[in-house]
Amino acid sequence: MIRTIIRSVVSLILLCVMSCSEQKHTISQDDKFWVVLNSEAAQGKEGEWSWKFQLDRPGDYNIQILRLGKQDAALGEVSIESAGVVLEERPETIFVLGEPGQEETISQFSKTIKFENAGIHALTLKSDLPIDKIRITPQYSKNLGFGTDTYYDDWLKMHTSPEKQKALDWFKEAKFGMFIHWGLYSQAGGIWKGERMEEVNTTGPKVSEWLMYKFEIPRDEYAELAKTFNPDKSFAQNIAKLAKDAGMKYVVITSKHHDGFALFDSKVSEFDMVDATPYNADVVKELYEACLAEGLAFGVYYSHGNDWYDGADGNFMNVKKGNDSLGILSHANGKNLWDPSPNTHAEYIAQKALPQVCELLDALPELRLIWFDGDGYITEKQAFEFYKTVYNINPNVLVNRRVGFDFGDYLDAGDNKIPSASEKMTKYFETCGTTNNSWAYKSYDNDWKSTKELLYYLVDIASKGGNFLLNIGPDGEGRVPEQSAQGLLEIGDWLKTNGDAIYGTTRWKITREGNEDGLLGGTEHRAKKGFSRSFSANDFWFTSKANTVFAISFVNPKSQVEIKSFQLTNGKVENVRLLGDTSELKWKQGKDGLVVDLTDIQIGPDGYVLEITLEK
């Protein structure tokens, strides 16, 4: 007995010693969210070094290698392994810092490593040349999505308020909304002075709302577009009716995109729909009223960080100066460096962006959400100020992730991006997607997504517990391209029958069975790869409400189907019903799954939905 106790005590002491030893050799993340790994602290032999480090914030990180002195020789082939990722490259030199005789040469891998979780991580380096340090730094080309926690407690009180939570309940119920990219750029349709966006040799996205940036159009020249922007007066009513017929529950329009032009009447800028165009009316207010008349909720997109007309250089040179001194690359994508306005970016935020957000909130008392964009190089304090401003005026208004620094009420997965079923989402999410490969109207983009492709995205997103914000790009007259409108109307027809499987549903414990999880990797990814996914009678997607599960298929099996996810271990089935049909189905649940006979059942070209009730 005594020996047993002694052995237990010794084991505990050894565990503590081992744990303390491991903590001693573990490097922590500093207040800049960097991890600095010195070669002296590495484990291993010459040519191969290993470290352990504590990462507090998951995200995408750059890997930098530092060598003492000004190194003219290239680093050569280097291998890094961490977080299950192996990078094998010849990292390019990006900076030489320090006074003469005290320089450090910094090289950086072109690819990043995504650390999915906080906690202890290991990193192994293989190199034939000696190194001094490794730096693991946040990928500053896109905000990691977190700040210093300075404002976190204040943000959390607002985010968890009864008003915000009630608004989120509505959002989760809605599931399907309309995005509208529309503005001065819609007149050009992706062409400037006879040249298409793809034909000009400049950086930036090829989506047509980036026309001003892609062609580096001077501000005064771009403003001339306002003189001819005079869309049809029936725009608002037509759009609201289309959204209603498509089965959408909310509408979000670009009240101001990166070009700085406001579709609403602004007192702090004359570069708007009322003061600068022959239309001479507040089209945002018109659409707001038309949507409310149709029973639709209303939201606005607002580019707060980027404004190519009044936002100077988007704070780029200020950020670059600081980053250069630290050996961190700065990225100018989305910043006006060809003809920046003479004010500072901070002055733009204080004198235009924040006041215009206030104007929208005051003019639209039943506004449901503000979809911020272009956070880029705004500061943490500024991002919080936008969130707080919205809350103080109307706490019922939701704010999306792109306000910056994780101050959003919900996440967006990215433009035309759908997360994997295994990806851990820290908040409720929404995916925004296009009906072709541009957000705003592009006159020559005829790669229209089929109704089945769009339905697949809607269903896949719902099965993972998110919302789908599907975009249209009206032309300069306000007309929606026929192919885009037709696809939306056909989705509306499907939802009239099968809407119970989408609206108000939540993620079931199984999201899908059958074919592998097909991910949508972004706007340009879809443009290059197209859509070639096929569907079989064995493919199902699942959503749920309480003890009801919906099994969604995109094909007509013309016979019986077996759904393996409904094995008895996942719940006993009480009833099976085909949505939109009163026929009594023959079904049987066994240890291998649920068999349903659909022989002679009339099913449309876009498949069917089974409503499966489980025993409580």
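Worth saying up front: this structure is predicted, and the values here are computed from it rather than measured. (Residues numbered from 1 in each chain as written. Predicted model: local features only at pLDDT ≥ 70, side-chain atom pairs only at ≥ 80, totals over all residues. Heavy atoms only, no water.)

Take the overall build of the protein chain next. Along its length, the protein chain carries 14 helices and 30 strands. Its C-alpha radius of gyration of 27 Å places the protein chain within 12% of the 25 Å reference for a compact globule of 616 residues. With respect to the principal axes defined by its C-alpha atoms, the protein chain has extents near 75 × 75 × 45 Å. Just so you have it, the protein chain exposes about 27500 Å², and 49% of that area is on carbon and sulfur atoms. Side-chain charges of the protein chain comprise 68 positive and 89 negative groups, with the mean position of each set lying 6 Å from the other. (Helix = DSSP H or I, 4+ residues; strand = E, 2+ residues; numbered from the N terminus. Rg over C-alpha atoms; globule rule 2.2 N^0.38 Å. Areas by Shrake-Rupley, 256 points an atom, 1.4 Å probe, with all protein chains shown as cover. Lys, Arg positive; Asp, Glu negative; His and termini not counted. Charge placed at Lys NZ, Arg CZ, Asp CG, Glu CD.)

Let's shift gears to the packing of aromatic side chains. Aromatic ring pairs are described here by two measures, namely the spacing of the ring centres and the angle between the planes. Within this structure, the stated rule accounts for 39 aromatic pairs. With centroids separated by 4.9 Å and ring planes inclined at 50 degrees, the aromatic side chains of Phe-179 and Trp-371 adopt a geometry described as tilted. With Phe-179 in strand 13 (residues 176–180) and Trp-371 in strand 18 (residues 369–373), the pair connects residues that are 192 residues apart, well separated along the chain. Across the pair, Trp-371 and Phe-179 agree in class, each one buried. Geometrically, the ring pair formed by Trp-210 and Tyr-213 is edge-to-face, given 5.2 Å between the ring centres and 80 degrees between the ring planes. (Phe/Tyr/Trp six-rings, centres within 6.5 Å; stacked < 30°, edge-to-face > 60°. Buried < 20%, exposed > 50% of the residue type's maximum accessible area, 1.4 Å probe, protein only.)

On inspection of all chains with the given rule, the structure shows 25 salt bridges. The partner of Lys-267 in a salt bridge is Asp-265, with the nearest N and O atoms 3.4 Å apart. A residue is classified by how much of its surface remains accessible, and Lys-267, at 69% relative accessible area, is exposed. The class for Asp-265 is partly exposed, based on a relative accessible area of 28%. (Salt bridge = Lys/Arg side-chain N within 4 Å of Asp/Glu carboxyl O.)

Let us look at the sheet that holds strand 25 (residues 548–553). Spatially, the 5 strands line up as an open sheet ordered 23-24-25-30-27, and their pairing is antiparallel. If you trace the sheet from one side to the other, it starts and ends with strand 23 (512–513) and strand 27 (573–578), each paired once. Where strand 23 meets strand 24 (residues 540–545), 2 bridges bridge the pair, whose relative direction is antiparallel. Its bridge partner being in strand 24, Glu-513 is matched across the sheet by Phe-540. Across the face of the sheet, helix 12 (residues 451–463) comes into contact with strand 24 and strand 25 while running at roughly 50 degrees to strand 24. (Pairing = 2+ DSSP bridges. Contact = heavy atoms within 4.5 Å. Axes fitted to C-alpha atoms, helices over the stretch in contact; angles between N-to-C directions.)

Over the atoms a probe the size of a water molecule is rolled, and this reveals where empty space is left. One pass over the full model with this rule turns up 1 cavity of 30 Å³ or more. Looking at the largest cavity, its volume works out to about 80 Å³. In terms of residue class, the lining of the largest cavity is built from 6 nonpolar, 6 polar and 2 charged. (1 Å grid on protein atoms, 1.4 Å probe; cavity = no way out; pocket = protein on both sides within 12 Å on 5 of 7 lines; lining within 4 Å. Points joined across faces, edges and corners; volume = space filled by probe spheres on them. Nonpolar A, V, L, I, M, F, W, Y, C, P; charged D, E, K, R; others polar.)

In this structure, Thr-613 sits in strand 30 (residues 608–614). Overall, Thr-613 belongs to the buried group, its relative accessible area being 17%. Residues in contact with Thr-613, not counting those within four places in the same chain, are Asn-547, Thr-548, Lys-572, Val-573, Glu-574 and Asn-575.

To summarise the sheet geometry, strands pair through backbone hydrogen bonds and adopt either a parallel or an antiparallel arrangement. Reading across from one edge, 26-29-28 is the order of the 3 strands in this open sheet, with antiparallel pairing throughout. Single-partner strands in this sheet number two, and they are strand 26 (560–563) and strand 28 (586–590). Within this sheet the neighbouring strands show an average axis-to-axis angle of 15 degrees, counted without direction. With 4 bridges connecting them, strand 26 and strand 29 (residues 593–597) associate as antiparallel partners. Across the sheet, Glu-562 pairs through a bridge with Val-595, a residue of strand 29.

This part takes up helix 9 (residues 316–326). All buried positions along helix 9 are accounted for by Phe-316, Val-319 and Asn-323. The arc that holds the buried residues of helix 9, viewed along the axis, is 70 degrees, so those residues lie on one side. Opposite its buried face, helix 9 presents the exposed residues Asn-318, Lys-321 and Ser-325, each directed more than 90 degrees away. Trailing helix 9 by a residue or two, Gly-327 shows a phi angle of about 80 degrees, which is positive. (Arc of directions from axis to C-beta.)

Further remarks concern the packing of helix 2 (residues 152–159) against helix 11 (residues 380–393). Axis angle and axis distance: for two packed helices, these are the angle between their axes and the distance between the axes, and together they describe the pair. At a closest axis distance of 11 Å, the pairing of helix 2 and helix 11 adopts a crossing angle of 30 degrees. Comparing the axis directions of helix 2 and helix 11 gives the class roughly parallel. Viewed along their axes, helix 2 and helix 11 form a crossing whose handedness is left-handed. Here Asp-154, Trp-155, Met-158 and His-159 of helix 2 lie close against helix 11, whose contacting residues are Phe-384, Tyr-387, Lys-388 and Tyr-391. Along the lines of polarity and charge, the residues of the contact of helix 2 with helix 11 split into 5 nonpolar, 1 polar and 2 charged. (Parallel < 35°, antiparallel > 145°, perpendicular 65-115°, else oblique. Left-handed = near helix turned anticlockwise from the far one by under 90°.)

Turning our eyes to something else, we now look at the nonpolar core. By size, the foremost hydrophobic cluster in this structure holds 127 residues, and its most contacted members are Met-178, Phe-298 and Ile-370. Counting residues per element, this core draws most heavily on helix 12, which supplies 8 residues. Beyond its immediate chain neighbours, meaning those up to four positions away, Phe-298 contacts Val-251, Ile-253, Val-284, Leu-287, Tyr-288, Cys-291, Leu-364, Leu-367, Arg-368 and Leu-369. If you look at the next biggest cluster of nonpolar residues, it comprises 23 residues, including Val-35, Tyr-61, Leu-87 and Ile-134. (Core = buried A, V, L, I, M, F, W, Y, C linked by side-chain atoms within 4.5 Å.)

Caution is warranted with low-pLDDT regions, since their predicted coordinates should not be read in detail. When pLDDT is averaged across the protein chain, the result is 92; 93% of the residues are at 70 or more. Throughout residues 1–23 the model reports pLDDT below 50, and contacts reaching past four residues in sequence, or to other chains, amount to 2 contacts. (pLDDT = per-residue confidence, 0-100.)

Let us look at the environment of Asp-154. Of note, Asp-154 is situated in helix 2. Asp-154 sits in the partly exposed class, given a relative accessible area of 40%. For the pair Asp-154 and Lys-388, spaced 234 residues apart in sequence, the C-alpha separation works out to 9.0 Å.

The next thing to look at is the state of the cysteines. Think of a disulfide as a covalent bridge from one cysteine sulfur atom to another cysteine sulfur atom. Evaluation of the coordinates by the stated rule reveals 0 disulfides. The thiol of Cys-291 is not disulfide-bonded; the next cysteine sulfur, from Cys-432, is found 18 Å away. Taking the relative accessible area as the measure of exposure, Cys-291 reaches 0% and is therefore buried. (Disulfide = S-S within 2.5 Å.)

So, about the pairing of strand 17 (residues 297–303). Working note: regular strand, side chains alternate between the two faces of the sheet. The buried fraction of strand 17 amounts to 7 of the 7 residues, a majority that puts the element mostly inside the structure. Relative to strand 17, strand 16 (residues 250–256) runs parallel, the two being bridged by 6 bridges. Bridge pairing in strand 17 links Val-251 to Phe-298. Pairing between strand 17 and strand 18: 5 bridges, direction parallel. Residue pairing in the sheet places Val-300 in a bridge with Ile-370 of strand 18.

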